[in-house]
Amino acid sequence: MAQQERAVRTRRAVLEAAAAVFAERGYAAATIGEILHRAGVTKGALYFHFDSKVALARGVLQAQVSNDYHVPRELKLQEWVDAGMTLARRLPREPMLLAGVRLSADLQSRDVVGSAWPAWAQVTTSFLAEGKERGEVLPHVVPEETAQVFLGAWIGVQYVSQAMAGWADLEARMSALFNHMLPAVTAPAVLVRLDTAPDRGARVIAEVREQAAALAGAGQ
């Protein structure tokens with residue numbers, strides 16, 4: 001068990017170091033040597049988990065989508081909003097997510113390592129499809145099509161926020177994106193119940209952390 005835990009910690013350390021380097025330098029300029037230095041592991045330990053820089057980049061991309069801050073809600077569309085707003089809150093603060101942005105947009109490396117964009121589109125599609133089954137989404141909406149429109153808008157929001165405000169206004173821009181898109185796809189009775197405030201992501205993250213702390217305290 002201890003050996004397994006060490007392996008998990010080592011793999012995570014390598015991924016986090018790789019993400020930091022990819023976020024700062026991009027795929028082409030990143031080197032295994034710098035990743036090793038930042039991770040503080042041996043070459044053998046790194047190659048045990050990832051046999052190449054390509055595998056490292058793919059590992060970083062696979063780590064983009066997680067359920068770490070997912071809280072079941074009465075409304076599926078609120079879960080979609082929460083996913084977007086927590087992502088907007090976390091992205092400027094987490095090298096893993098910043099690396100995903102840079103790798104996904106790299107036209108040279110994307111053919112080799114892939115992109116996180118399809119996974120995020122699938123997340124949106126799933127929320128919208130289930131919301132439609134529940135009557136939260138208007139009947140004419142095609143979840144896959146709306147997911148692609150939202151993805152394009154979200155990518156644009158990222159770049160504008162980074163270029164104009166160094167990510168400082170990303171949550172406000174994400175809130176505005178939801179406020180413009182939701183009326184086109186949401187049943188009116190549901191729309192008025194959705195919380196899309198700019199601080200929504202911060203509040204959801206705090207809620208999840210409080211729940212985790214309470215569970216940890218109960219287990220002691």
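The structure this text deals with has already been given above.
Attention here is on the structure that accompanies the text. Along each chain, numbering runs from 1 in the same order as the chain's sequence is written. Confidence filtering applies because this is a predicted model: local features only for residues at pLDDT of at least 70, side-chain atom pairs given and counted only at 80 or more, and all residues used for totals across whole chains, interfaces and linings. Side-chain descriptors were evaluated using all non-hydrogen atoms of the structure, hydrogens and water having been removed beforehand.

Below, the discussion takes up the packing of aromatic side chains. Pairing of aromatic side chains requires ring centres within 6.5 Å, counting the rings of Phe and Tyr and the six-membered ring of Trp. Pairs whose planes differ by under 30 degrees are stacked, by over 60 edge-to-face, and all others tilted. The full count for this structure, using the stated rule, is four aromatic pairs. Their ring planes at 25° and their centres at 5.9 Å tell us that Phe22 and Tyr27 sit as a pair that is stacked. For the pair shown, Phe22 and Tyr27 are each scored as buried. One aromatic cluster in this structure is built from Trp80, Phe150 and Phe178. Each ring is checked for a lysine NZ or an arginine CZ that lies within 6 Å of its centre and within 35 degrees of its normal; such an atom marks a charge sitting over the ring. Taking the ring centre of Tyr27 as reference, the NZ or CZ of Lys53 above it sits at 4.4 Å. Each residue gets one of three labels from its accessible area relative to the maximum for its type: buried under 20%, exposed over 50%, partly exposed in between, using a 1.4 Å probe on protein chains only.

Take a side-chain nitrogen of Lys or Arg and a carboxyl oxygen of Asp or Glu: if they are within 4 Å of each other, that pair is a salt bridge. Within the structure shown, the criterion is met by 18 salt bridges. The residue Arg193 makes a salt bridge to Glu74 at a minimum N-O spacing of 3.1 Å. Separated by 119 residues along the polypeptide, Arg193 in the loop between helix H11 (188-191) and helix H12 (200-219) and Glu74 in the loop between helix H4 (53-62) and helix H5 (76-90) bring together distant segments of the chain. We classify Glu74 as exposed; its relative accessible area is 63%. With a shortest N-O distance of 3.6 Å, Glu130 and Lys76 are connected by a salt bridge. Pair noted here: Glu130 is in helix H8 (residues 117-133) and Lys76 is in helix H5, with a separation of 54 residues, a long-range link. One network of salt bridges, in which partners are shared, links Arg73, Asp82, Asp195, Asp199, Arg200, Arg203 and Glu207. In this text, helices come from DSSP runs of H or I with a minimum length of four residues, and strands from runs of E with a minimum of two, each type numbered from the N-terminal end.

Another point: helix H10 (residues 170-185). Between its first and last C-alpha, H10 extends 23 Å over 16 residues, near the 22 Å set by a 1.5 Å rise per residue. Along H10, the positions that sit buried rather than exposed are Leu170, Glu171, Met174, Ser175, Leu177, Phe178, Met181, Leu182 and Val185. Multiplying 1.5 Å by the residue count of a helix minus one yields the expected span of that helix.

Attention now goes to the nonpolar core. Note on terminology: a nonpolar core comprises buried Ala, Val, Leu, Ile, Met, Phe, Trp, Tyr and Cys residues joined through side-chain atoms within 4.5 Å. With 55 residues, the main nonpolar core has Phe22, Leu56, Val60, Trp80 and Trp154 as its most contacted residues. With eight residues, helix H1 (residues 2-29) is the largest single contributor of residues to this core. Apart from residues no more than four positions distant in its own chain, Trp80 is found in contact with Thr124, Phe127, Leu128, Phe150, Phe178, Met181 and Leu182. The next biggest cluster of nonpolar side chains, apart from the first, holds five residues, and it includes Tyr69, Val71, Val204 and Val208. Contacts: residue pairs with any heavy atoms within 4.5 Å of one another.

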